[in-house]
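# Working through the structure, step by step
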Amino acid sequence: MLTGADWWKKAVFYQIYPRSFKDSNGDGIGDLAGIIEKLDYLNDGTPDSLGIDAIWFSPFFKGPEHDFGYDIADYCDIDPRFGTLADFDRLVAEAHRRGIRVMLDLVVNHSSSEHPWFKESRSSRDNPKRDWYIWRDGVGPRRRPPNNWRNHFFGPSWTWDEATEQYYLHSFLSQQPDLNWFNPAVRRAVDDVVRFWLDRGADGFRLDVPHVYCKDEQFRSNPPFYRRAKVEQKMPFGDRPLTITLFYLFGLPEFQVKLFNQHHPETHLVLQEFRRTLDEYPEKTSIGEVVSENSQITASYYGSGSDELHMNFFFELAHCRWKAGAFRRCVERWERLLPEEAWPAYTFSNHDIVRAISRFGGGRDADARARLLALMLLTLRGTPFIYYGEEIGMKEVRLPRRLLLDPVGKKWHPFHRGRDGCRTPMQWSGEPGGGFSAGEPWLPLGPESERRNVAVQENSAHSLLQFYRKAIWLRKERPALITGSYRSVVEGVPGDCYLYLRESEGQKLLVALNFSARRRELELPQKYLPSRMLLSTDSPRPAKANARSLSLGRYEGCILEVGVRSSQEGALLARSS
Ligand code: GLC
Ligand code: CA
């Protein structure tokens, strides 16, 4: 197991969506016992496994699952669909035994409307828990909602509650009422939840939408999107040019500048308190899902670099265009913006966005592109997060509307089909049920599951899965890839290639990525010679020592060790071949 206060900087993380990973009892829903069965696949201590160091679990706590786990009715219990607290303890023990750390999803911007806290809160205006949530009177004789805020899915943020004749606030579904983070009792209750899981062996948390925790205390209405330019001038970090898309010009209520219902300064104090709790325990970590179009705002959630979140996803990388320069500039911007001590974290896929292999397109070249992305993810400076199935190139599944279950696609969103397509069951094998379940899976398997699965890729030396394994285990052996510095290399590099150096004491690695469908020849500057090929996405490739020019095939990426001192050469050659 990785140890030390900064283990999470060295770790490769893997996100499991529990419903879809492995079903142990044939009810079609993945569960904790199923996950335990598959831990060896993630890390059995040898390069025949993926070599994962930590898992972030999407929520498996008790709740009605209107938003599949993101609406929690009991923060301190496991939903019976997934197992029991005893299963959880076993999961932690079994994961730790394999050197895998356990990260839980902390969903505390809102609870489920079934949570006893909310049930009490809504029971009467003078209930002691009334103020644990956000209640407001209607406005005017027609009792209209208190302001124009829209929820993040679709529709208003306010729902009228007949019983006590007030509105309550929800930034997501109406079944997900927002907690009132200005109430100290709420903060204490959440702190208890955090301690409950830390005491039970969790190694940290992924924070669900922390930027939404605190809202404007005056509940001012948000400005419409077309006034955004004006708003940005007034915002503390408003220095980035606007990206106005056509949608926003329609002036629909959804398209507003979320000025007053997110990124409130008080949230930083909440996160500092959270950090102090984590720091009371040894070797804990956190990662936030802070979303902002302004990277400076995103970066601000690191605080000074060590007093708020340990990490925050930089989603901009996931949303880059397929262009070497776009990726390079994105990484450079983040490297520039982060405070000295802050540590980046990257991902290309998760349970909310279209799977990367489908999003980045490429048609028949999609697999080659997926390899290139994998190499980039595993060699940038920062902690990589792999989404389950990404390692076998699982694609977004296009489901007919009648099979959609995610509320975003099912009834809430007029434009998109929701997120079910990236949440389909893990494709373990070509058997019926995909090796995921002996029963009927809760969502259909992807149409390619017979061909594209773990069993097939385990038996093929050059599969994507084998490439992930190689790259991850190589990473573990090369400190330069983990703690080394990052520097882009631009001189003499063709516009469709992205090159960077990762350098640590006595070790210099050059990562070269070709984003084009054409072969590219690069002259290596004298100072990088001699060089040696450590890994290529086009395996196998002979290690060409001392070659001055580097020829990259279409969508090929590779890692070169450069400026190798001759005393080390023998040993390195042995390891790379
Ligand atoms: C986050 C989660 C998403 C969920 C939402 C509300 O964005 O990743 O799945 O629907 O928060 O909790
Ligand atoms: Ca099950």
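These remarks concern the structure in this document. (Residues numbered from 1 in each chain as written. Chains lettered and ligands numbered in written order. Predicted model: local features only at pLDDT ≥ 70, side-chain atom pairs only at ≥ 80, totals over all residues. Heavy atoms only, no water.)

### Observations concerning the pattern of salt bridges
Following the criterion strictly, the structure yields 43 salt bridges and no others. For Asp352, the salt bridge goes to Arg423, with nearest N and O atoms at 3.3 Å. Taken as a pair, Asp352 in the loop between β12 (345-347) and α13 (356-359) and Arg423 in the loop between α15 (407-412) and α16 (454-458) lie far apart in primary sequence, 71 residues in all. With a relative accessible area of 1%, Arg423 lands in the buried category. Three or more residues joined by partner-sharing salt bridges are found here, namely Asp67, Asp352, Asp406, Arg419 and Arg423. (Salt bridge = Lys/Arg side-chain N within 4 Å of Asp/Glu carboxyl O. Helix = DSSP H or I, 4+ residues; strand = E, 2+ residues; numbered from the N terminus. Buried < 20%, exposed > 50% of the residue type's maximum accessible area, 1.4 Å probe, protein only.)

### Details of the coordination of the calcium ion (ligand 2)
The calcium ion (ligand 2) binds to the protein through Asp23 (OD), Asn25 (OD1), Asp27 (OD), Ile29 (O) and Asp31 (OD), with metal-donor distances spanning 2.2 to 2.4 Å. Donor residues for the calcium ion (ligand 2) sit on one chain with the sequence pattern D-x1-N-x1-D-x1-I-x1-D. A residue is classified by how much of its surface remains accessible, and Asn25, at 52% relative accessible area, is exposed. (Donors = N, O, S within 2.8 Å, 3.2 Å for Na, K, Ca; no water.)

### Considerations on the site of ligand 1
Close contacts around ligand 1 come from 14 residues, with Asp67, Asp208, Glu289, His351 and Asp352 the closest. Within the side chain of Glu289, one N or O atom sits 2.7 Å away from an oxygen atom of ligand 1. Within the side chain of Arg419, one N or O atom sits 3.0 Å away from an oxygen atom of ligand 1. Its free accessible area being 300 Å², ligand 1 has 96% of it covered by the protein chains. Residue composition of the shell around ligand 1, grouped by class: four nonpolar, three polar and seven charged. (Near = heavy atom within 4 Å. Polar contact = N/O pair within 3.5 Å; in protein donor to acceptor, adjacent residues only side chain to side chain. Areas by Shrake-Rupley, 256 points an atom, 1.4 Å probe, with all protein chains shown as cover. Nonpolar A, V, L, I, M, F, W, Y, C, P; charged D, E, K, R; others polar.)

### Re the packing of aromatic side chains
The full count for this structure, using the stated rule, is 44 aromatic pairs. Judged by centre distance (4.7 Å) and plane angle (70°), the rings of Tyr387 and Tyr388 are edge-to-face. With respect to burial, Tyr387 and Tyr388 carry one shared label: buried. An aromatic cluster is built from Trp7, Phe13, Trp56, Phe313, Phe315 and Phe385, whose rings are joined through pairwise contacts. Sitting over the face of the ring of Trp442, Arg19 holds its NZ or CZ atom 4.3 Å from the ring centroid. Note that Lys38 overlies the ring of Trp428, its terminal NZ or CZ placed 4.2 Å from the centroid. (Phe/Tyr/Trp six-rings, centres within 6.5 Å; stacked < 30°, edge-to-face > 60°. Lys NZ or Arg CZ within 6 Å of the ring centre and 35° of its normal.)

### Comments concerning the packing of helix α6 (residues 184-199) against helix α9 (residues 265-280)
Between two packed helices, both the angle of their axes relative to each other and the distance between the axes serve to describe the pair. Axis separation between α6 and α9 bottoms out at 11 Å; the angle between their running directions is 30°. Our classification of the angle between α6 and α9 gives roughly parallel. The handedness of the crossing between α6 and α9 is right-handed. In contact with Arg187, Asp191, Val194, Arg195 and Leu198 of α6, α9 contributes Glu266, Val270, Glu273, Phe274, Thr277, Leu278 and Glu280. In terms of residue class, the contact of α6 with α9 is built from five nonpolar, one polar and six charged. (Axes fitted to C-alpha atoms, helices over the stretch in contact; angles between N-to-C directions. Parallel < 35°, antiparallel > 145°, perpendicular 65-115°, else oblique. Left-handed = near helix turned anticlockwise from the far one by under 90°. Contact = heavy atoms within 4.5 Å.)

### Observations concerning the sheet that holds strand β6 (residues 135-136)
The strand order across the open sheet formed by three strands is β6-β8-β7, and the pairing between neighbours is antiparallel. The outermost strands of the open sheet, each flanked by one partner alone, are β6 and β7 (158-161). Sheet topology places β6 next to strand β8 (residues 166-169); two bridges connect them, and they run antiparallel. Residue pairing in the sheet places Trp135 in a bridge with Tyr168 of β8. (Pairing = 2+ DSSP bridges.)

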